[in-house]
Amino acid sequence: MGVEVRVEGLTKSFGKQLIWGDVSLTLPAGEICVMLGPSGTGKSVFLKTLIGLLKPDQGHVHIEGTDIATCSERQLYEVRKLFGVLFQDGAMFGSMNLYDNVAFPLREHTRKSESEIRSIVMEKMEMVGLVGAEKKLPGEISGGMRKRAGLARALVLEPEILLFDEPDSGLDPVRTAFLNQLIIDLNEMTQATCLIVTHDINTARTVPDNIGLLYHRHLAMFGPREMLLSSEEPVVRQFLNAQRVGPIGMSEEKDADELAREADQELPPLPPIPLQQLPSSGVIRPTQRPPGEWCEQNGVTPPPGSFASDVVGAT
Ligand SMILES: Nc1ncnc2c1ncn2[C@@H]1O[C@H](COP(=O)(O)OP(=O)(O)OP(=O)(O)O)[C@@H](O)[C@H]1O
(Lines give C-alpha, C1' and ligand atoms only; values in the text may rest on other atoms or scores of the structure.)
Protein backbone atom coordinates (compact mmCIF):
# COMPACT_ATOMS: atom_id res chain seq x y z
CA MET A 1 0.00 0.00 0.00
CA GLY A 2 1.35 3.44 -0.93
CA VAL A 3 1.99 6.14 1.60
CA GLU A 4 0.57 9.64 1.95
CA VAL A 5 2.70 12.65 1.00
CA ARG A 6 1.66 15.80 2.88
CA VAL A 7 3.04 19.08 1.55
CA GLU A 8 2.64 22.18 3.72
CA GLY A 9 3.45 25.78 2.83
CA LEU A 10 6.23 24.80 0.42
CA THR A 11 8.16 27.67 -1.14
CA LYS A 12 11.08 27.46 -3.56
CA SER A 13 13.22 30.20 -5.13
CA PHE A 14 16.44 30.23 -7.09
CA GLY A 15 18.23 33.41 -6.04
CA LYS A 16 15.65 36.19 -6.38
CA GLN A 17 13.40 34.14 -8.70
CA LEU A 18 10.43 32.73 -6.79
CA ILE A 19 9.37 29.49 -8.52
CA TRP A 20 6.29 28.85 -6.40
CA GLY A 21 5.20 29.82 -2.91
CA ASP A 22 3.04 28.43 -0.12
CA VAL A 23 2.12 25.18 -1.90
CA SER A 24 0.02 22.89 0.31
CA LEU A 25 -1.53 19.62 -0.84
CA THR A 26 -1.82 15.98 0.11
CA LEU A 27 -1.14 13.12 -2.27
CA PRO A 28 -3.49 10.55 -0.72
CA ALA A 29 -2.04 7.07 -0.13
CA GLY A 30 -2.49 4.83 -3.15
CA GLU A 31 -4.16 7.45 -5.35
CA ILE A 32 -3.03 8.73 -8.74
CA CYS A 33 -2.48 12.49 -9.01
CA VAL A 34 -1.53 14.65 -11.98
CA MET A 35 0.29 17.98 -11.72
CA LEU A 36 -0.30 20.39 -14.59
CA GLY A 37 0.99 23.85 -15.31
CA PRO A 38 2.24 26.01 -18.16
CA SER A 39 5.91 25.53 -19.14
CA GLY A 40 8.35 26.89 -16.61
CA THR A 41 5.92 26.99 -13.67
CA GLY A 42 8.17 24.65 -11.70
CA LYS A 43 6.56 21.24 -12.03
CA SER A 44 9.90 19.45 -12.31
CA VAL A 45 11.26 21.55 -9.45
CA PHE A 46 8.25 20.40 -7.40
CA LEU A 47 9.03 16.72 -8.10
CA LYS A 48 12.68 17.21 -7.20
CA THR A 49 11.69 18.94 -3.95
CA LEU A 50 9.42 16.04 -3.03
CA ILE A 51 12.32 13.59 -3.20
CA GLY A 52 14.71 15.94 -1.46
CA LEU A 53 16.95 16.56 -4.50
CA LEU A 54 16.19 20.27 -3.99
CA LYS A 55 15.73 21.94 -0.60
CA PRO A 56 12.73 24.27 -0.26
CA ASP A 57 13.17 27.72 1.27
CA GLN A 58 10.18 27.18 3.52
CA GLY A 59 7.58 24.54 4.26
CA HIS A 60 7.41 20.82 4.89
CA VAL A 61 7.02 17.52 3.05
CA HIS A 62 5.80 14.90 5.50
CA ILE A 63 6.23 11.26 4.56
CA GLU A 64 5.76 8.52 7.15
CA GLY A 65 6.74 10.78 10.05
CA THR A 66 9.79 12.30 8.32
CA ASP A 67 9.92 15.88 7.07
CA ILE A 68 11.97 15.74 3.87
CA ALA A 69 12.52 19.50 4.02
CA THR A 70 14.32 19.48 7.34
CA CYS A 71 15.54 15.91 7.94
CA SER A 72 19.16 14.76 8.09
CA GLU A 73 20.96 13.25 5.07
CA ARG A 74 20.76 9.85 6.76
CA GLN A 75 16.95 10.09 7.15
CA LEU A 76 16.64 11.36 3.60
CA TYR A 77 18.59 8.33 2.33
CA GLU A 78 16.09 6.05 4.11
CA VAL A 79 12.96 7.92 2.91
CA ARG A 80 14.23 7.98 -0.67
CA LYS A 81 13.97 4.20 -0.75
CA LEU A 82 10.19 4.67 -0.74
CA PHE A 83 10.37 6.46 -4.10
CA GLY A 84 10.56 5.25 -7.66
CA VAL A 85 11.11 8.00 -10.20
CA LEU A 86 10.65 7.93 -13.96
CA PHE A 87 12.65 10.83 -15.38
CA GLN A 88 11.74 12.40 -18.73
CA ASP A 89 14.24 10.52 -20.90
CA GLY A 90 14.29 7.40 -18.74
CA ALA A 91 17.71 8.55 -17.38
CA MET A 92 19.42 5.35 -18.50
CA PHE A 93 23.18 4.84 -18.32
CA GLY A 94 24.11 4.89 -22.01
CA SER A 95 26.93 2.36 -21.75
CA MET A 96 24.92 -0.29 -19.87
CA ASN A 97 22.42 -2.62 -21.47
CA LEU A 98 18.80 -2.52 -20.29
CA TYR A 99 19.27 -5.49 -17.96
CA ASP A 100 22.15 -3.83 -16.11
CA ASN A 101 20.33 -0.50 -16.03
CA VAL A 102 17.29 -2.09 -14.41
CA ALA A 103 19.46 -4.16 -12.05
CA PHE A 104 21.47 -1.09 -11.00
CA PRO A 105 19.39 0.02 -7.96
CA LEU A 106 19.30 -3.55 -6.64
CA ARG A 107 23.09 -3.89 -6.91
CA GLU A 108 23.57 -0.44 -5.32
CA HIS A 109 21.04 -0.58 -2.50
CA THR A 110 20.55 -4.24 -1.58
CA ARG A 111 22.66 -7.29 -0.80
CA LYS A 112 20.61 -9.57 -3.03
CA SER A 113 22.35 -12.37 -4.92
CA GLU A 114 22.65 -12.19 -8.71
CA SER A 115 20.01 -14.92 -9.06
CA GLU A 116 17.54 -12.98 -6.87
CA ILE A 117 18.34 -9.85 -8.88
CA ARG A 118 17.73 -11.75 -12.11
CA SER A 119 14.27 -12.84 -11.06
CA ILE A 120 13.27 -9.30 -9.94
CA VAL A 121 14.68 -7.68 -13.09
CA MET A 122 12.91 -10.16 -15.37
CA GLU A 123 9.63 -9.73 -13.48
CA LYS A 124 9.76 -5.94 -13.96
CA MET A 125 10.88 -6.25 -17.60
CA GLU A 126 7.86 -8.45 -18.16
CA MET A 127 5.54 -5.95 -16.44
CA VAL A 128 6.62 -3.22 -18.87
CA GLY A 129 6.69 -5.53 -21.92
CA LEU A 130 10.45 -5.53 -22.51
CA VAL A 131 11.32 -9.21 -22.24
CA GLY A 132 13.74 -10.00 -25.07
CA ALA A 133 15.28 -6.51 -25.09
CA GLU A 134 17.57 -7.03 -22.06
CA LYS A 135 20.79 -6.91 -24.07
CA LYS A 136 19.96 -3.75 -26.00
CA LEU A 137 21.72 -0.49 -25.21
CA PRO A 138 19.52 2.57 -24.45
CA GLY A 139 20.75 4.21 -27.67
CA GLU A 140 19.46 1.29 -29.74
CA ILE A 141 15.81 1.52 -28.70
CA SER A 142 12.92 3.96 -29.21
CA GLY A 143 12.00 6.72 -26.76
CA GLY A 144 8.92 4.78 -25.67
CA MET A 145 10.97 1.67 -24.91
CA ARG A 146 13.48 3.78 -22.98
CA LYS A 147 10.65 5.14 -20.86
CA ARG A 148 9.37 1.63 -20.18
CA ALA A 149 12.90 0.54 -19.23
CA GLY A 150 13.10 3.57 -16.92
CA LEU A 151 9.81 2.48 -15.40
CA ALA A 152 11.09 -1.09 -14.85
CA ARG A 153 14.11 0.41 -13.07
CA ALA A 154 11.86 2.67 -10.98
CA LEU A 155 9.94 -0.42 -9.84
CA VAL A 156 12.73 -2.78 -8.73
CA LEU A 157 12.90 -1.52 -5.15
CA GLU A 158 9.11 -1.93 -4.75
CA PRO A 159 8.41 1.80 -4.25
CA GLU A 160 5.49 3.11 -2.22
CA ILE A 161 5.52 6.39 -4.17
CA LEU A 162 5.97 6.62 -7.94
CA LEU A 163 6.82 9.94 -9.57
CA PHE A 164 6.60 10.42 -13.33
CA ASP A 165 8.19 13.49 -14.93
CA GLU A 166 6.36 14.03 -18.22
CA PRO A 167 6.09 10.34 -19.10
CA ASP A 168 4.37 11.29 -22.36
CA SER A 169 6.99 13.75 -23.63
CA GLY A 170 8.19 12.69 -27.07
CA LEU A 171 5.64 9.89 -27.35
CA ASP A 172 2.93 9.64 -30.00
CA PRO A 173 -0.72 9.53 -28.79
CA VAL A 174 -0.95 5.75 -29.12
CA ARG A 175 2.24 5.12 -27.10
CA THR A 176 1.02 7.68 -24.56
CA ALA A 177 -2.26 5.77 -24.22
CA PHE A 178 -0.35 2.51 -23.66
CA LEU A 179 1.94 4.12 -21.09
CA ASN A 180 -1.05 5.63 -19.25
CA GLN A 181 -2.67 2.19 -19.15
CA LEU A 182 0.57 0.76 -17.77
CA ILE A 183 0.65 3.40 -15.01
CA ILE A 184 -2.96 2.65 -14.07
CA ASP A 185 -2.31 -1.11 -14.07
CA LEU A 186 0.83 -0.65 -11.95
CA ASN A 187 -1.14 1.45 -9.50
CA GLU A 188 -3.77 -1.27 -9.27
CA MET A 189 -1.10 -3.94 -8.80
CA THR A 190 1.19 -2.14 -6.33
CA GLN A 191 -1.16 0.47 -4.79
CA ALA A 192 1.76 2.91 -4.92
CA THR A 193 0.90 6.59 -4.55
CA CYS A 194 1.48 8.08 -8.02
CA LEU A 195 2.21 11.63 -9.13
CA ILE A 196 2.40 12.35 -12.85
CA VAL A 197 3.71 15.66 -14.17
CA THR A 198 2.34 16.17 -17.65
CA HIS A 199 1.27 18.64 -20.32
CA ASP A 200 -1.12 16.15 -21.83
CA ILE A 201 -4.67 17.32 -21.19
CA ASN A 202 -6.19 14.00 -22.21
CA THR A 203 -4.02 12.22 -19.62
CA ALA A 204 -5.03 14.77 -16.99
CA ARG A 205 -8.72 14.42 -17.82
CA THR A 206 -8.90 10.62 -17.85
CA VAL A 207 -6.14 9.04 -15.74
CA PRO A 208 -5.92 10.54 -12.23
CA ASP A 209 -7.99 10.56 -9.08
CA ASN A 210 -6.78 14.12 -8.36
CA ILE A 211 -5.47 17.02 -10.40
CA GLY A 212 -3.28 19.98 -9.40
CA LEU A 213 -2.46 23.09 -11.39
CA LEU A 214 0.62 25.24 -10.81
CA TYR A 215 0.28 28.71 -12.25
CA HIS A 216 1.85 32.08 -11.68
CA ARG A 217 4.08 31.04 -8.80
CA HIS A 218 1.42 29.29 -6.77
CA LEU A 219 -0.82 26.23 -6.69
CA ALA A 220 -4.00 27.46 -8.38
CA MET A 221 -6.03 24.40 -7.39
CA PHE A 222 -5.63 20.80 -6.25
CA GLY A 223 -8.43 18.32 -5.72
CA PRO A 224 -10.50 15.45 -7.08
CA ARG A 225 -10.60 15.12 -10.89
CA GLU A 226 -14.30 15.96 -11.11
CA MET A 227 -13.80 19.09 -9.02
CA LEU A 228 -11.29 20.54 -11.50
CA LEU A 229 -13.10 19.32 -14.62
CA SER A 230 -16.29 21.05 -13.49
CA SER A 231 -14.53 24.17 -12.18
CA GLU A 232 -15.48 27.60 -13.52
CA GLU A 233 -12.28 29.13 -12.06
CA PRO A 234 -10.80 30.95 -15.10
CA VAL A 235 -7.23 29.58 -15.00
CA VAL A 236 -8.34 26.01 -14.30
CA ARG A 237 -11.06 26.18 -16.92
CA GLN A 238 -8.74 27.62 -19.56
CA PHE A 239 -5.92 25.15 -18.94
CA LEU A 240 -7.98 21.97 -18.63
CA ASN A 241 -9.87 22.81 -21.79
CA ALA A 242 -6.82 24.04 -23.76
CA GLN A 243 -8.46 27.38 -24.62
CA ARG A 244 -6.88 30.66 -25.70
CA VAL A 245 -9.49 32.80 -23.96
CA GLY A 246 -8.57 33.25 -20.30
CA PRO A 247 -5.88 34.66 -18.02
CA ILE A 248 -2.99 32.53 -19.39
CA GLY A 249 -1.09 34.15 -22.27
CA MET A 250 1.65 32.97 -24.62
CA SER A 251 4.51 33.69 -22.22
CA GLU A 252 2.88 34.32 -18.82
CA GLU A 253 -0.32 36.03 -17.70
CA LYS A 254 -2.10 38.29 -20.13
CA ASP A 255 -1.90 41.99 -19.41
CA ALA A 256 -4.90 44.17 -18.50
CA ASP A 257 -5.41 45.35 -22.12
CA GLU A 258 -5.52 41.82 -23.49
CA LEU A 259 -7.98 40.76 -20.81
CA ALA A 260 -10.17 43.82 -21.44
CA ARG A 261 -10.32 42.94 -25.17
CA GLU A 262 -11.55 39.46 -24.23
CA ALA A 263 -14.10 40.69 -21.69
CA ASP A 264 -17.11 40.40 -24.00
CA GLN A 265 -16.05 37.10 -25.56
CA GLU A 266 -18.27 34.29 -24.47
CA LEU A 267 -16.46 31.25 -23.10
CA PRO A 268 -17.32 27.96 -24.77
CA PRO A 269 -19.34 25.68 -22.47
CA LEU A 270 -17.44 23.20 -20.31
CA PRO A 271 -17.01 19.95 -22.22
CA PRO A 272 -18.44 16.73 -20.76
CA ILE A 273 -16.35 15.03 -18.06
CA PRO A 274 -15.03 11.78 -19.55
CA LEU A 275 -15.13 8.49 -17.69
CA GLN A 276 -11.95 7.75 -15.76
CA GLN A 277 -9.78 5.13 -17.42
CA LEU A 278 -10.05 1.69 -15.79
CA PRO A 279 -7.25 -0.82 -15.23
CA SER A 280 -6.95 -3.51 -17.93
CA SER A 281 -8.79 -5.86 -15.56
CA GLY A 282 -11.88 -3.66 -16.09
CA VAL A 283 -12.36 -3.52 -12.31
CA ILE A 284 -12.44 -0.16 -10.53
CA ARG A 285 -9.20 0.46 -8.53
CA PRO A 286 -9.49 0.53 -4.71
CA THR A 287 -8.85 4.29 -4.61
CA GLN A 288 -10.98 5.13 -7.65
CA ARG A 289 -14.31 6.89 -7.09
CA PRO A 290 -17.37 5.87 -9.09
CA PRO A 291 -18.19 8.30 -11.94
CA GLY A 292 -20.16 11.33 -10.80
CA GLU A 293 -19.68 10.62 -7.09
CA TRP A 294 -17.74 13.80 -6.31
CA CYS A 295 -20.20 15.98 -8.25
CA GLU A 296 -23.17 14.39 -6.54
CA GLN A 297 -21.68 14.68 -3.05
CA ASN A 298 -20.83 18.32 -3.64
CA GLY A 299 -24.05 19.41 -5.31
CA VAL A 300 -22.28 20.15 -8.62
CA THR A 301 -24.15 19.56 -11.87
CA PRO A 302 -21.60 18.08 -14.29
CA PRO A 303 -21.57 19.45 -17.86
CA PRO A 304 -24.18 17.79 -20.11
CA GLY A 305 -23.05 14.46 -21.56
CA SER A 306 -20.59 13.75 -18.75
CA PHE A 307 -19.62 10.17 -17.91
CA ALA A 308 -21.06 8.79 -21.14
CA SER A 309 -18.97 5.94 -22.53
CA ASP A 310 -18.75 7.57 -25.95
CA VAL A 311 -17.23 10.87 -24.76
CA VAL A 312 -13.82 11.40 -26.43
CA GLY A 313 -11.06 10.39 -24.04
CA ALA A 314 -13.27 7.97 -22.14
CA THR A 315 -11.14 4.96 -22.98
N1 LIG B 1 18.80 24.13 -10.51
C2 LIG B 1 18.23 25.27 -10.95
N3 LIG B 1 18.82 26.45 -10.78
C4 LIG B 1 18.23 27.60 -11.18
N5 LIG B 1 17.01 27.66 -11.78
C6 LIG B 1 16.38 26.51 -11.97
C7 LIG B 1 16.95 25.25 -11.58
N8 LIG B 1 16.06 24.25 -11.90
C9 LIG B 1 15.00 24.89 -12.48
N10 LIG B 1 15.19 26.21 -12.52
C11 LIG B 1 14.23 27.21 -13.04
O12 LIG B 1 12.98 26.96 -12.44
C13 LIG B 1 11.91 27.25 -13.35
C14 LIG B 1 10.95 26.09 -13.41
O15 LIG B 1 11.58 24.99 -14.05
P16 LIG B 1 10.87 23.56 -14.23
O17 LIG B 1 11.77 22.75 -15.10
O18 LIG B 1 10.53 23.00 -12.91
O19 LIG B 1 9.55 23.96 -15.00
P20 LIG B 1 8.43 23.01 -15.60
O21 LIG B 1 7.12 23.53 -15.14
O22 LIG B 1 8.76 21.59 -15.28
O23 LIG B 1 8.61 23.33 -17.15
P24 LIG B 1 8.30 22.44 -18.46
O25 LIG B 1 6.83 22.17 -18.44
O26 LIG B 1 8.69 23.34 -19.58
O27 LIG B 1 9.14 21.18 -18.35
C28 LIG B 1 12.57 27.58 -14.69
O29 LIG B 1 12.61 28.97 -14.84
C30 LIG B 1 13.98 27.03 -14.53
O31 LIG B 1 14.90 27.77 -15.28
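Residues numbered from 1 in each chain as written. Predicted model: local features only at pLDDT ≥ 70, side-chain atom pairs only at ≥ 80, totals over all residues. Heavy atoms only, no water.

The protein carries the name ABC transporter related protein in an unreviewed UniProt entry, which gives Kribbella flavida as its organism.

A. Expanded view of unusual backbone geometry. At E166, a position not held by glycine, the phi torsion is positive, near 45°. Assignment of secondary structure puts E166 in the loop between β7 (161–165) and α6 (173–190). Overall, the relative accessible area of 13% leaves E166 in the buried class. Even without being a glycine, R217 presents a positive backbone phi close to 65°. Positionally, R217 belongs in the loop between β9 (210–215) and β10 (218–224). (Helix = DSSP H or I, 4+ residues; strand = E, 2+ residues; numbered from the N terminus. Buried < 20%, exposed > 50% of the residue type's maximum accessible area, 1.4 Å probe, protein only.)

B. Here's a closer look at the confidence of the model for the protein. Per-residue pLDDT for the protein averages 89, and the proportion of residues at 70 or more is 92%. The weakest mean pLDDT in the protein belongs to helix α10 (residues 256–262) at 63; the strongest belongs to strand β1 (residues 5–14) at 97. (pLDDT = per-residue confidence, 0-100.)

C. View of the sheet that holds β10. Taken in spatial order, the six strands line up as β6-β7-β8-β3-β9-β10 in an open sheet, and their pairing is mixed. Every other strand in the sheet has two partners, leaving β6 (83–86) and β10 as the edge strands with one partner each. Taken pair by pair, the neighbouring strands of this sheet meet at an average axis angle of 15°, ignoring direction. Packing of helix α5 (residues 143–155) onto the sheet brings it into contact with β6 and β7, and relative to β6 it is tilted by some 170°. (Pairing = 2+ DSSP bridges. Axes fitted to C-alpha atoms, helices over the stretch in contact; angles between N-to-C directions. Contact = heavy atoms within 4.5 Å.)

D. Fine view of the pattern of salt bridges. One pass over the structure, following the stated rule, counts twelve salt bridges. The residue R107 makes a salt bridge to E114 at a minimum N-O spacing of 2.9 Å. In this structure, the salt-bridge partner of E158 is K124, at a minimum N-O distance of 3.1 Å. Residue E158 is located in the loop between α5 and β7, and its partner K124 is located in helix α4 (residues 114–127); the two are separated by 34 residues in the primary sequence. Here the residues in one salt-bridge network are E4, R6 and E8, joined through shared partners. (Salt bridge = Lys/Arg side-chain N within 4 Å of Asp/Glu carboxyl O.)

E. Structural context of the pairing of strand β3 (residues 32–36). Here β3 lies mainly inside the structure; five of its five residues are buried. Where β3 meets strand β8 (residues 193–197), four bridges bridge the pair, whose relative direction is parallel. Among the inter-strand pairings, C33 is bridged to a residue of β8, identified as L195. Of the pairings in the sheet, the one linking β3 to β9 comprises four bridges and is parallel in character. Paired with M35 across the bridge in β9 is G212.

F. Spotlight on empty space enclosed by the protein. This model, assessed by the stated rule, comprises one cavity of 30 Å³ or more. The computed volume of the largest cavity comes to approximately 30 Å³. Lining of the largest cavity is provided by L47, K48, I51, V85, F87, L163 and D165. Taken together, the elements giving at least two residues each to the lining of the largest cavity come down to α1 (43–50) and β7. Across the lining of the largest cavity, the residue classes tally to five nonpolar, no polar and two charged. (1 Å grid on protein atoms, 1.4 Å probe; cavity = no way out; pocket = protein on both sides within 12 Å on 5 of 7 lines; lining within 4 Å. Points joined across faces, edges and corners; volume = space filled by probe spheres on them. Nonpolar A, V, L, I, M, F, W, Y, C, P; charged D, E, K, R; others polar.)

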